[in-house]
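Below are the chains, spelled out letter by letter.
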Amino acid sequence: MSALVAEASQSTGVRNGDASCTFAEIEECDFSKLPEKPRALHIERNRSFDERSLIELSNPLSPRLHFRNMENLRIVDHLESVHSPGRRSGLHTPNSQYGFEPHPIVTEAWEALRRSLVYFRGQAVGTIAALDHSEEVLNYNQVFVRDFVPSALAFLMNGEPEVVKNFLLKTLRLQSWEKTIDRFKLGEGVMPASFKVLHDPVRNYETLIADFGESAIGRVAPVDSGFWWIILLRAYTKSTGDTSLAERPECQGGMRLILSLCLSEGFDTFPTLLCADGCSMIDRRMGVYGYPIEIQALFFMALRCALLLLKQDDEGKEFVERIVKRLHALSYHMRSYFWLDFQQLNDIYRYKTEEYSHTAVNKFNVIPDSLPDWVFDFMPNRGGYFIGNVSPAKMDVRWFCLGNCVAILSSLATPEQSAAIMDLIEARWEELVGEMPLKISYPAIESHEWRIVTGCDPKNTRWSYHNGGSWPVLLWLLTAACIKTGRPQIARRALELAESRLPKDNWPEYYDGKLGRFIGKQARKFQTWSIAGYLVAKMMLEDPSHLGMISLEEDKQMKPLIRRSASWTC
């Protein structure tokens, strides 16, 4: 473990206390006109003031924010860059514009995040999944591509891009390895699910070992890793203004390999990407085989990011043409067939079956009686969401958080659909948020259905883990979606819930129960992406210009082909 984890920084903090605009002004802000690059803010720690001031400073969007406690605030006259005492760490401490002390929770979170750093030959290359020494290690001591994304965003928002750059280059190097599982060769474009650093004490030499699915539980290759890699490369470029990394031949080649793999032609009649159960964040069997919303939303976002990053050379132009065609088809398909609101639900309820020819309304031959009873009570009059999956004769109408949030951030969702998703979250707050943000999926499957769908998976019992568990990491995605749709008060409410539990519970991986009241029965403590997800949400609420790293505005050339509550007959 010592070869994997850096020494903890003793001086950490975060920006806070941004009172540059009122709650009402933020509500009216046009978030499409945010600055190209967020401002750099700095703060020092170890300056105390009363608890009420801490709460108010941690909540810059609250109308309660005022300056009557200013006499308790000690303005820092001279700001210094505080460095980790670790011999290999050049990472500095996050700071605040006004020099106020950070919220104690934020300080604790930054210290924990820095303890999770992994070094390879003297360079920080990522963060391990969890630092819980009380549980069996398994692969929680590895750097996961998807897990590192919120950590990377936290470092980028704090003006520390080097670890992100190192991570992007090291995973790119691993992509080039020959990948064979049980004598079967994987596609060249597959990115690893995770990697670890092995230290040879005799030779004093370090090597990287990657897992492309050959060691994973279930032996499923990660489809989402390549998408997250492209999305993170764009976030790095947007944050730093440095285009040289993306323009490197190896980065251009890595993107083309990923795109070749997912744009390949086959027998599929849909523009969505066919994939196996367990290939994404929901990495165990949960009945999402086929065209899960999470993969389709990430696919769409990665394609749009690649359009911005690919060079317009001979090879690049060919990919650009293929991407544009796929994006148009994918956006039409997703907005038409994956969207569900009250009107759509009513239309499906009245579907006729066994329709033939191009005039068919029920194109996938969905039997109305297959719709579960819960969805009729769950669907509010105002609101809607992208359902979990659509394939011949089957619609998975479960709610999946990550896919819906990424749909908003990538502008796969139209502005009307984005607003409807926010309406749904507000209308179904108890079900989707409860006492700990945020349900990864809803509702839980149980009894006979649980036995069939999960294969009697003891970890995915009802309201636990992927089966209706609550995952704090999703807070950053919700916050970004809320800011983009002009609804930051929703994120603020969720953040306050998280702050009331996460630190005293030691930053668990997930929570159990209908309301998320209980720490997950097998949840690791000090889960890095729970920590980083909180920090990213906090920093985005304090400085909404950070949203530009992870959000794409609507492409005007891809005009919405349907309206909210429109019939599926379009």
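Residues numbered from 1 in each chain as written. Predicted model: local features only at pLDDT ≥ 70, side-chain atom pairs only at ≥ 80, totals over all residues. Heavy atoms only, no water.

As annotated in an unreviewed UniProt entry, the protein carries the name Alkaline/neutral invertase and comes from Aristolochia fimbriata. Comment text from UniProt for the protein, heading Function (unreviewed entry), reads "Invertase that cleaves sucrose into glucose and fructose." (UniProt positions renumbered as here; feature names shortened; annotations may be inferred.)

Take the packing of aromatic side chains next. One pass over the full model with this rule turns up 21 aromatic pairs. Note on F227 and F299: the rings are 5.5 Å apart at their centroids and 25° apart in plane angle, and the pair reads as stacked. Of this pair, F227 sits in helix α6 (residues 224-240) while F299 sits in helix α9 (residues 293-309), placing them 72 residues apart in sequence. On the accessibility criterion, F227 (3% relative accessible area) is buried. Taken together, a centroid distance of 5.9 Å and an interplanar angle of 85° make the contact between F378 and Y385 edge-to-face. Here the two residues F378 and Y385 agree in accessibility, since each one is buried. Taken together, W374, F378, Y385, W399, Y442 and W463 form an aromatic cluster joined through their ring pairs. The ring of Y465 is capped by K459, whose NZ or CZ atom sits 4.3 Å from the centre of that ring. Between R493 and the ring centre of W429, over which it is positioned, the NZ or CZ distance is 4.0 Å. (Phe/Tyr/Trp six-rings, centres within 6.5 Å; stacked < 30°, edge-to-face > 60°. Helix = DSSP H or I, 4+ residues; strand = E, 2+ residues; numbered from the N terminus. Buried < 20%, exposed > 50% of the residue type's maximum accessible area, 1.4 Å probe, protein only. Lys NZ or Arg CZ within 6 Å of the ring centre and 35° of its normal.)

This part takes up the nonpolar core. Ranked by internal contacts, the top residues of the largest apolar core, which has 168 residues, are W229, Y385, I425, L474 and W476. Ranked by residue count, the leading element in this core is α9, at twelve residues. Setting aside residues no more than four positions away along its own chain, W476 makes contact with V149, P150, L153, W228, G533, V536, A537, M540 and I550. (Core = buried A, V, L, I, M, F, W, Y, C linked by side-chain atoms within 4.5 Å. Contact = heavy atoms within 4.5 Å.)

A separate point is the sheet that holds strand β3 (residues 143-144). Strand order in the open sheet made by the three strands is β3-β6-β7, with antiparallel pairing throughout. Of all strands in the sheet, those with a lone pairing partner are β3 and β7 (205-211), marking the two edges. The sheet contact formed by β3 and strand β6 (residues 194-200) spans two bridges and is antiparallel. In the sheet register, V143 faces β6, and the bridge partner there is F195. On top of the sheet, helix α5 (residues 162-175) reaches β3, β6 and β7; it is set at about 70° to β7, its chief contact. (Pairing = 2+ DSSP bridges. Axes fitted to C-alpha atoms, helices over the stretch in contact; angles between N-to-C directions.)

What follows covers the packing of helix α4 (residues 145-157) against helix α19 (residues 528-542). As a packed pair, α4 and α19 sit with axes 8 Å apart at the nearest point and diverge in direction by 40°. Here α4 lies oblique to α19, going by the angle between them. For α4 against α19, the interelement crossing comes out left-handed. For the pair α4 and α19, the contacting residues are R146, D147, P150, S151, L153, A154 and M157 in the first and T528, W529, A532, G533, V536, M539 and M540 in the second. When grouped by side-chain class, the residues that make up the contact of α4 with α19 number nine nonpolar, three polar and two charged. (Parallel < 35°, antiparallel > 145°, perpendicular 65-115°, else oblique. Left-handed = near helix turned anticlockwise from the far one by under 90°. Nonpolar A, V, L, I, M, F, W, Y, C, P; charged D, E, K, R; others polar.)

Applying the stated rule across the entire model yields three cavities of 30 Å³ or more. Estimated volume of the largest cavity: approximately 90 Å³. R146, W228, L402, W476 and W529 are, among the 13 residues lining the largest cavity, the residues nearest its centre. In terms of residues, the lining of the largest cavity owes the most to one element, α4, which gives three residues. When its residues are assigned to classes, the lining of the largest cavity shows ten nonpolar, no polar and three charged. Quantified by volume, the second largest cavity comes out at close to 50 Å³. If you go around the second largest cavity, the residues you meet are S280, I282, V288, P292, I293, E294, G388 and F400. The residue makeup of the lining of the second largest cavity, split by class, is five nonpolar, two polar and one charged. (1 Å grid on protein atoms, 1.4 Å probe; cavity = no way out; pocket = protein on both sides within 12 Å on 5 of 7 lines; lining within 4 Å. Points joined across faces, edges and corners; volume = space filled by probe spheres on them.)

Bringing the confidence of the model for the protein into the picture now. When the pLDDT values of the protein are averaged, the result is 84; 80% of them are 70 or greater. Considering only residues more than four positions removed or in separate chains, one finds that residues 1-93, a stretch of pLDDT under 50, has 223 contacts. Here residues 560-570 is modelled with pLDDT under 50, and outside its nearest four sequence neighbours on either side it reaches 33 contacts, counting other chains as well. (pLDDT = per-residue confidence, 0-100.)

It is worth spelling out the pattern of salt bridges at this point. A complete count under the given rule lists 14 salt bridges for this structure. In this structure, R462 and E446 form a salt bridge, with 2.7 Å as the shortest nitrogen-oxygen distance. Within this pair, whereas R462 is found in the loop between α16 (447-454) and α17 (475-484), its partner E446 is found in the loop between β11 (441-442) and α16, the two being separated by 16 residues in sequence. Residues joined in a network through salt bridges with shared partners are R382, D423, E426 and R487. (Salt bridge = Lys/Arg side-chain N within 4 Å of Asp/Glu carboxyl O.)

Let us look at the sheet that holds β11. Strand order in the open sheet formed by four strands is β8-β9-β10-β11, and the pairing between neighbours is antiparallel. Looking at strand neighbours, the two that pair on one side only are β8 (339-341) and β11, the edges of this open sheet. Pairing geometry for strand β9 (residues 384-391) and strand β10 (residues 394-400), over four bridges, is antiparallel. Its bridge partner being in β10, V390 is matched across the sheet by M395. Its contacts with the sheet put helix α14 (residues 415-427) on β8, β9 and β10, and the angle it makes with β9 is roughly 105°.

This next bit is on the layout of surface pockets. Of the pockets and cavities examined, the largest pocket occupies roughly 850 Å³. Of all elements in the fold, only α6, α8 (249-262) and α10 (314-337) reach the threshold of two or more residues within the lining of the largest pocket. Considering only residue class, the lining of the largest pocket consists of 19 nonpolar, seven polar and five charged. The calculated volume of the second largest pocket comes to roughly 530 Å³. Lining the second largest pocket are 30 residues, and of these N139, Y140, F144, D283 and Y465 sit closest to its centre. Tallied by class, residues from the lining of the second largest pocket come to 15 nonpolar, five polar and ten charged.

It is worth spelling out the environment of L172 at this point. The residue L172 is located in helix α5 in this model. When the C-alpha atoms of L172 and P192 are compared, they prove to be 9.2 Å apart, with 20 residues separating the residues in sequence. Here L172 is in contact with M191, W229, E250, C251 and G254, once residues within four sequence places are set aside.

Turning our eyes to something else, we now look at the pairing of β6. As paired elements, β6 and β7 share seven bridges and run antiparallel to each other. Across the sheet, residue F195 finds its bridge partner in β7, namely A210. Here β6 folds back onto β7 in antiparallel fashion, the turn holding four residues, of which N204 has a positive phi close to 50°.

Here we come to unusual backbone geometry. Here the bond from P437 into L438 is cis, since omega is 15°, no more than 30 degrees from zero. Position of L438 relative to the elements: it lies in the loop between α15 (429-432) and β11. In this structure, the amide linkage connecting Y442 to the following residue, P443, adopts the cis form with an omega of -5°. Secondary-structure assignment places P443 in the loop between β11 and α16.

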